[in-house]
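Letter by letter, the chains look like this.
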Amino acid sequence: MAYDVVLKKVMKQFGSGNQAFVAVDHIDLQIEEGEFFALLGPSGCGKTTTLRMIAGFEQPTSGEILIRDRPVQGIPPFHRPVNTVFQDYALFPHMTVLQNVMFGLQMEKLPRKVCVERAMEALELVQLPGVENRRPAQLSGGQQQRVALARALVKRPAVLLLDEPLGALDLKLRKQMQFELKSMQQQVGITFIYVTHDQEEAMTMADRIAVMHGGNVLQIGSPREVYEKPATRFVADFIGETNFIRGTLESSNEGVGQVRLQDGVVIQAQLPDDRPILSDNVTIPIRPERIAFLPKDAENPFSPDNQITFLDGTIIESNYIGTDTRYLVRIAGDNEIVVRIQNVDYKDVLFEPEVGEDVKVFFPLKSTYILEH
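These figures come from a predicted structure and were not determined experimentally. (Residues numbered from 1 in each chain as written. Predicted model: local features only at pLDDT ≥ 70, side-chain atom pairs only at ≥ 80, totals over all residues. Heavy atoms only, no water.)

Student: Can you walk me through the sheet that holds strand β13 (residues 266–270) in this structure?
Tutor: Picture the strands of a sheet paired through backbone hydrogen bonds; they go either parallel or antiparallel. Here we have five strands laid out as an open sheet, ordered β13-β12-β11-β14-β20, and antiparallel in their pairing. Each edge of the sheet is formed by a strand with only one pairing partner; in this case those strands are β13 and β20 (371–372). Note that strand β12 (residues 256–260) and β13 share five bridges and pair antiparallel. From the neighbouring strand, Gln 258 faces β13, where its bridge partner is Gln 268. (Pairing = 2+ DSSP bridges. Helix = DSSP H or I, 4+ residues; strand = E, 2+ residues; numbered from the N terminus.)

Student: Sorry if this is basic, but what is going on with the sheet that holds strand β5 (residues 70–71) here?
Tutor: One open sheet holds the four strands; their spatial order is β2-β1-β4-β5, and the pairing between them is antiparallel. Two strands lie at the open edges of the sheet, namely β2 (21–32) and β5, each paired on one side alone. Strands β1 (3–14), β2 and β4 (62–67) of the sheet are contacted by helix α1 (residues 47–55), whose axis makes an angle of about 120° with β1. (Contact = heavy atoms within 4.5 Å. Axes fitted to C-alpha atoms, helices over the stretch in contact; angles between N-to-C directions.)

Student: Hey, could you run me through the layout of surface pockets in this one?
Tutor: If you roll a probe as big as a water molecule over the atoms, it shows you where there is empty space left. Its boundaries defined by the atoms lining it, the largest pocket holds a volume of some 580 Å³. For the largest pocket, the lining is made up of 23 residues, of which Phe 78, Val 82, Asn 83, Thr 84 and Lys 155 are closest to its centre. Mapped by element, the contributors of at least two residues to the lining of the largest pocket are β6 (82–86), α2 (97–107) and α4 (141–153). No other element matches the four residues that β6 contributes to the lining of the largest pocket. (1 Å grid on protein atoms, 1.4 Å probe; cavity = no way out; pocket = protein on both sides within 12 Å on 5 of 7 lines; lining within 4 Å. Points joined across faces, edges and corners; volume = space filled by probe spheres on them.)

Student: Explain the packing of α2 against helix α3 (residues 112–125) here, please?
Tutor: Packed helix pairs are specified by the crossing angle of their axes together with the interaxial distance, meaning the distance between the axes. At a minimum axis separation of 9 Å, α2 and α3 run at an interaxial angle of 125°. On the basis of their axis angle, the class for α2 and α3 is oblique. In this structure, the crossing between α2 and α3 has a hand that is right-handed. Only Arg 112, Cys 115, Val 116, Arg 118, Ala 119, Met 120, Ala 122 and Leu 123 of α3 make contact with α2, whose side of the interface consists of Val 97, Leu 98, Val 101, Met 102, Leu 105 and Gln 106. Split into classes, the residues belonging to the contact of α2 with α3 amount to eleven nonpolar, one polar and two charged. (Parallel < 35°, antiparallel > 145°, perpendicular 65-115°, else oblique. Left-handed = near helix turned anticlockwise from the far one by under 90°. Nonpolar A, V, L, I, M, F, W, Y, C, P; charged D, E, K, R; others polar.)

Student: Sorry, what's going on with α4 here?
Tutor: Residues three or four positions apart in an α-helix share a direction because the helix packs 3.6 residues into each turn. Its 13 residues place the ends of α4 18 Å apart at the C-alpha level, agreeing with the 18 Å of an ideal helix rising 1.5 Å per residue. In terms of burial, α4 is a largely internal element, eleven of the 13 residues being buried. The secondary structure elements touched by the buried residues of α4 are β6, α2, α3, β7 (159–163), α5 (171–188) and β8 (191–196). (Expected span 1.5 Å × (residues − 1). Buried < 20%, exposed > 50% of the residue type's maximum accessible area, 1.4 Å probe, protein only.)

Student: Would you explain the side chain of Lys 12 in this entry?
Tutor: Take Lys 12: it is sitting in strand β1. Of the residues examined, Lys 12 reaches a relative accessible area of 10% and is grouped as buried. With residues near it in sequence (within four places) discarded, Lys 12 still touches Phe 21, Val 22, Ala 23, Val 24, Thr 49, Met 53, Glu 58, Gln 59, Pro 60 and Thr 61.

If you want it as structure tokens, here you go:
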């Protein structure tokens, strides 16, 4: 396995003594060649500081950073095989688009003909032909971001670093650019390291995601792995909407735990396969879209092989939100959970409970996962 970027026990501390603040706390990362890798987390989690250390704008307090097997401590940004795209574009307003894109090549003293040819190729790549003679102020925000991307890609870096580059765009354009960025990355084959606080953005584009919190990397995995099997409660809560049902782990067998809820009801949930559960007090996160319900007196339509859990519940609240309806349901032990049912046009077969109605809530074993509190 070839890695373009490796971080070994990297720590970054700002200040000293009583004023010391650890922004990044001895993290390890291995980012594969040609990978779209996202650093995801809330503000202040250390993701931008990590990116800036890879870029060379900050130096680690301790630890080691390697880019293509070469240690880069002390090497300035312009001598590293990386380029950075920022949220604010950082285009030169007095230059044309072509001049902006060519700027880095000209600083390397390349012949003007080569600079122009490569700049035009880069503009073609970001789907901006015909704007080379305009100035940044004559472009939309989305077009300016494409120019910033072209300027970064034109130097053909080993790694492209992107610090929330779509944050200034409106929602519709941001979603469009997400797909275009992913397509662009696949086309050029360059390793992208992308910083964002937007979970949907990371899930849409990244091959792997590192979820950060408090200067630590809590979990690294594919979007599916991080969503389906969160390593901690924070990850489960940060990535998408999640219900948390609390209980006591009474026993386990062949990867399945028996969890007793407050009112004595026992339900089954999957145990993590990569680490032991060391506490009896556990939490079961369940995604709202993985839960459904039947009328209270309905018979169980599933075979025992399906391993479906049924709980009695009462509808507390119902909100129609377009694509689906969001229900708040009270279940065992005064737990309250959210259930999201997609609004499809099968009214003759769908069960649509009213507020105050008693129901049977059900979910499959494969949608459950046990975490420690």
